[in-house]
Amino acid sequence: MPLRQWDPASKAKVVLEGLKGRSETAICKRHRIKPAEYRRWRKQFLANIARPLESPRPSRSGGSRLLPGMSTKVWEESAKALRVAQELIEALPIPVFFKARDGKHLGANRAWETYFGVNRNTFIGKTVEQLFAHAPEVAARHRAADEDLWRNPGTRSYELAVPVHDGSLRHTLNYKATFAGADGKIAGLIGAIVDITERKRAEQRQAIEHRITRILSESESASAAMPGVLAAICETLGWACGARWSPANAGGFRCEETWSAGDSVVAAFLAASRGTTYQPGQAGFIRRVLGTGEPVWIVDIAAEESFLRGKQAAKAGLRSAFALPIRLGDQVLGALEFFHRDSQQPDQWLLETGVAIGLQIGHFMARTQAERELRQSEARFRSLTGLSSDWYWEQDEEFRLTFMSSRFVERTGIDPAPYIGRRRWDEPALNLTESDWTRHKAQLERHEPFFDFEMEREGPDGNSVWLSVSGEPVFEDRKFRGYRGVGTDITDRKRAQAVLRAAYEELARSNAELQQFAYVASHDLQEPLRMIGSYTQLLERRYGDKLDSDAREFMGFIVDGATRMKQLIEDLLAYSRVGTRGKELRPVSVQAALDRALVNLRSGLESSGVDITQDALPEVNGDDTQLTQLFQNLIGNAIKFRKKDEPLRVHVGAEDAGDEWRFSVSDNGIGIERQYFERIFMVFQRLHTRDEYPGTGIGLAICKKVVDRHRGRIWVESAHGKGSTFIFTLPKIQKGQT
Ligand code: ADP
């Protein structure tokens, strides 16, 4: 490849690429030149540029005074190069300036003028201290670099953050090179400023994001990650301290974690923040961020009225603050705040970077929250499956079994392996017909949940095992993925049910038999009894005078016994008829039943002079004849078991008790001892002799049977010697029941 011929203008352009910030290696590679050559060009360029244009032209005969040994041709070439260089410098988009040995400005290009917002003509003769009047530390740094150059002439470059015309801080890369005067002594320097703010910030942002990403990936929770995150931001950008805030109950907010660079005063300020939960409306700074979801910047915290902690922060030596939201979409999950010791102007880049970081943390928090919830729900699931006697199963889209928890084999003794990959209906179930399966299949195909689907399968020992399964369809992204559910071994329950059903059937049968028996027996017993009665009477009529007094007394016993037996049989018949001859239950008036009972009891009522009071009585679903009987027996007993020396009072009560009515019949009679409360409701159970009180002991047994048939309950409350209250309940008429 032929080597390229380099003219002065091209060389100058190459050198200017370096002034614009391109690295030496990149330039050399691009133009295929050696680093030594490039350095030589640069030196030449800088030397040329510094040389005044008015330098005398060398005479043909002699060499130049300035540059001994330089021929006219060389001089001409060099003057041309100088012009090119000066034109290029003026057009260069980077600020370039010249300074004399005493530090005074000699001139600058247009870019310099724009960069600093200073008129280059009026600035001639001024110093760097005047350029950075508000940032003496910046001026001092430049001054020191210049001093170094004066001591050791040559080229230098260094980075420095400097304030520019709009007050913003720019990162600059400063190239400086000395040039010599006509006397060969150092006359001044040329400086070029490359703005590397973008690069610097990209690097910083990358560094911060890289560090935060690493911290987040290694942390389990926001609280664990946060100190590191705050440190990453503060350390990279030179901010003094930071904190994370999160919303608390009732619209308040709380400081969760803080970070500061080992300053005890700042640490104390942060600790004070950490201690309290702020109520809404109390602190403007964080409230604004949480409320709007936008970052907030405060240049001077001491002057910010709405910032309640501002005074304390200022006391701790902090000047500026900014806060950014932690967000997940539109949701504001919290805020990060940062403080700087120096006054900081709002920095758009930092605000944007902050928003990006806030989103990054928001995603992290959402993820850790989701992970925590997942862990919790897995733990719950484990406890549930571990503690439950049920098993868990899963099916794919084709209803093939894909998973069966170990509880299955533990409970049923059935190995699930042969069932995996098969459908429920691939195995026979002893209790299900073809149409049962068709119905079940159709339900699954409709992707409906199902409950308590019962199957009787053959168990390992040949006995049948009853399984009950429930399942629900699983959808992912609205796509059907199969079923999952639980199963239970209900063999014991099924067996118990079978036993119970058999027992119930047996009971119903024997009960019917018994009723039939009681009825037939008592009915058929009446006939021989009548015979005994009539023939004893006949015997007495015809042979009465032939019998002695003993025989007549014995005959009296026979007649008495037959009469009593007749009574018992009639009572038994009445008792069995409650179950066999009852009328269908329909709405009836309880008042009417009571009235009929009182009519039937008329003679007893008159002789005892009873005082009867009553509550209003409702309608119930009932058998009016039986209800009449019920009242008749209870009030009849009250009359029978009254005190001889006290007027009898009876009260019939009715009370609303929710789903049912609670009726009562109370008297002030002889009362009953507690130990007999249950016995008196049994057939033929009495507490007194017939001589004391007549009766067979069937009355309350009939009452109980009537109330049972009406689906109520009956019991007694009594204080012995003070009276009794018989209470019975009857269900209310339900709506729609007529
Ligand atoms: P009977 O009245 O024919 O004896 P019941 O079955 O009606 O039969 O009553 C059983 C027993 O309960 C009675 O013998 C009596 O001792 C007691 N009893 C029933 N009602 C009352 C009452 N109102 N006061 C006191 N004791 C009663």
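Residues numbered from 1 in each chain as written. Predicted model: local features only at pLDDT ≥ 70, side-chain atom pairs only at ≥ 80, totals over all residues. Heavy atoms only, no water.

Caption draft 1: Here's a closer look at the overall build of the protein. Of the regular secondary structure elements, the protein holds 22 helices and 23 strands. The C-alpha atoms of the protein give a radius of gyration of 56 Å, which is well past the 27 Å a tight globule of 738 residues would have. If one aligns the C-alpha atoms of the protein with their principal axes, the spans along those axes are about 200 × 65 × 40 Å. Burial analysis of the protein (738 residues in total) assigns 41% to the buried set. Of the contacts made within the protein by residues no fewer than 6 positions apart, 57% connect residues no fewer than 24 positions apart. (Helix = DSSP H or I, 4+ residues; strand = E, 2+ residues; numbered from the N terminus. Rg over C-alpha atoms; globule rule 2.2 N^0.38 Å. Buried < 20%, exposed > 50% of the residue type's maximum accessible area, 1.4 Å probe, protein only. Contact = heavy atoms within 4.5 Å.)

Caption draft 2: The arrangement of the site of the ligand in detail. Asn-637, Lys-640, Asp-667, Gly-697 and Leu-700 are the nearest of the 21 residues found near the ligand. At 2.9 Å, a backbone N or O of Gly-697 approaches an oxygen atom of the ligand. Between the ligand and Ser-724, the relevant distance is 3.4 Å, taken from a nitrogen atom to a side-chain nitrogen or oxygen of the residue. Breaking the shell around the ligand down by element, the ones donating at least two residues are helix H21 (624-640), helix H22 (699-709) and strand E23 (723-731). (Near = heavy atom within 4 Å. Polar contact = N/O pair within 3.5 Å; in protein donor to acceptor, adjacent residues only side chain to side chain.)

Caption draft 3: Looking closely at empty space enclosed by the protein. Taken as a whole and judged by the stated rule, the model has two cavities of 30 Å³ or more. Around the largest cavity sit 15 residues that line it, and Leu-401, Met-404, Tyr-419, Arg-424 and Arg-457 are the ones nearest its centre. Elements represented by at least two residues in the lining of the largest cavity include exactly strand E12 (391-395), strand E13 (401-404), strand E14 (450-458) and strand E15 (464-476). Ranked by residues supplied to the lining of the largest cavity, first place goes to E12 with three residues. Of the residues belonging to the lining of the largest cavity, the class tally is ten nonpolar, one polar and four charged. In this model, the second largest cavity occupies a volume close to 100 Å³. Lining the second largest cavity are 14 residues; nearest its centre among them are Phe-97, Leu-131, Phe-132, His-142 and Ile-193. Where the lining of the second largest cavity is concerned, the elements lending two or more residues are strand E1 (96-100), helix H5 (110-116), helix H7 (128-131) and strand E4 (169-180). Top element by residues in the lining of the second largest cavity is E4. It accounts for three residues. A per-class count over the lining of the second largest cavity returns eight nonpolar, four polar and two charged. (1 Å grid on protein atoms, 1.4 Å probe; cavity = no way out; pocket = protein on both sides within 12 Å on 5 of 7 lines; lining within 4 Å. Points joined across faces, edges and corners; volume = space filled by probe spheres on them. Nonpolar A, V, L, I, M, F, W, Y, C, P; charged D, E, K, R; others polar.)

Caption draft 4: Molecular detail of the pattern of salt bridges. Tallied over the entire structure, the rule returns 42 salt bridges. With a closest N to O distance of 3.3 Å, Glu-527 and Arg-530 form a salt bridge. Remark: Arg-530 and Glu-527 occur in helix H17 (residues 491-543); sequence separation between them is three residues, near one turn of the helix. Residue Arg-586 is joined to Asp-624 by a salt bridge in which the shortest nitrogen-to-oxygen separation is 4.0 Å. Here the residue Arg-586 occupies a position in strand E17 (residues 586-589), and Asp-624 occupies one in helix H21, the gap between them amounting to 38 residues. Connected via shared salt-bridge partners are Glu-90, Arg-110, Glu-113 and Arg-120. (Salt bridge = Lys/Arg side-chain N within 4 Å of Asp/Glu carboxyl O.)

Caption draft 5: Structural detail: the sheet that holds strand E18 (residues 611-614). Judged by pairing direction, the sheet is mixed, and its five strands sit side by side in the order E18-E20-E21-E23-E22 without closing on themselves. In the strand order of this sheet, the two ends are held by E18 and strand E22 (714-719), each with one partner. Recorded for the sheet is a direction-independent mean angle of 15° between the axes of neighbouring strands. (Pairing = 2+ DSSP bridges. Axes fitted to C-alpha atoms, helices over the stretch in contact; angles between N-to-C directions.)

Caption draft 6: Examining the pairing of E1 more closely. Most of E1 sits inside the fold, with five of its five residues counted as buried. Covered by surrounding structure in E1 are Val-96, Phe-98 and Ala-100 together with Phe-97 and Lys-99, the residues of both alternating faces. As paired elements, E1 and strand E5 (residues 186-195) share five bridges and run antiparallel to each other. Looking at E5, one finds that Phe-97 is bridged to Gly-191. By the bridge criterion, three bridges tie E1 to strand E2 (residues 105-108) in an arrangement that is antiparallel. When the sheet's bridge partners are listed, Phe-97 is paired in E2 with Ala-108.

Caption draft 7: The arrangement of the state of the cysteines in detail. Scanning the model with the defined rule gives zero disulfides in all. Free cysteine: Cys-234, not disulfide-bonded; nearest cysteine sulfur from Cys-241 at 6.5 Å. (Disulfide = S-S within 2.5 Å.)

Caption draft 8: Up close: the pairing of E12. Burial analysis of E12 places four of its five residues in the buried class, which makes it a mostly covered element. By the bridge criterion, five bridges tie E12 to strand E16 (residues 479-489) in an arrangement that is antiparallel. Its bridge partner lying in E16, Tyr-392 is registered against Val-486. Sheet topology note: the E12/E13 ladder contains three bridges and is antiparallel. Across the sheet, Glu-394 pairs through a bridge with Phe-403, a residue of E13.

Caption draft 9: Structural view of H22. Three or more residues of H22 are buried, namely Leu-700, Ala-701, Ile-702, Cys-703, Lys-705, Val-706 and Val-707. Contacts from the buried residues of H22 go to H17, helix H18 (549-580), H21, E22 and E23. In the segment just after H22, Arg-711 is the residue with positive phi, at about 60°.

Caption draft 10: Geometry of the confidence of the model for the protein. Across the protein, pLDDT averages 86, with 92% of residues at or above 70. For the stretch residues 52-69, pLDDT sits under 50, and the model shows 21 contacts to residues farther than four places along the chain or on other chains. (pLDDT = per-residue confidence, 0-100.)

Caption draft 11: Quick peek at the packing of aromatic side chains. Applying the stated criterion across every chain yields a total of 27 aromatic pairs. Ring geometry for Trp-239 and Phe-322: centres 5.1 Å apart, planes at 70°, overall edge-to-face. Here Trp-239 is found in the loop between helix H10 (222-237) and strand E6 (241-247), whereas its partner Phe-322 is found in strand E10 (residues 320-328), with 83 residues between them in sequence. The exposure classification of Trp-239 matches that of Phe-322, with both residues buried. Among the aromatic residues, those joined into a ring-pair cluster are Trp-393, Phe-399, Trp-425, Trp-437, Phe-450, Phe-453, Phe-475, Phe-480 and Tyr-483. Sitting above the plane of the Trp-393 ring, Arg-424 keeps its charged end 4.8 Å from the centroid. (Phe/Tyr/Trp six-rings, centres within 6.5 Å; stacked < 30°, edge-to-face > 60°. Lys NZ or Arg CZ within 6 Å of the ring centre and 35° of its normal.)

Caption draft 12: Representation of the nonpolar core in the model. Leu-630, Phe-631, Leu-634, Ile-635, Phe-663, Phe-726 and Phe-728 are the most contacted members of the largest nonpolar core, which has 39 residues in total. Looking at this core, the elements with two or more residues in it are helix H19 (590-600), H21, strand E20 (649-657), strand E21 (660-667), H22, E22 and E23. No other element matches H21, which puts seven residues into this core. In this structure, Leu-634 is in contact with Val-665, Leu-700, Cys-703, Phe-726 and Phe-728, ignoring residues within four places of it in sequence. The next biggest cluster of nonpolar side chains, apart from the first, holds 30 residues, and it includes Ile-208, Phe-322, Trp-349 and Phe-364. (Core = buried A, V, L, I, M, F, W, Y, C linked by side-chain atoms within 4.5 Å.)

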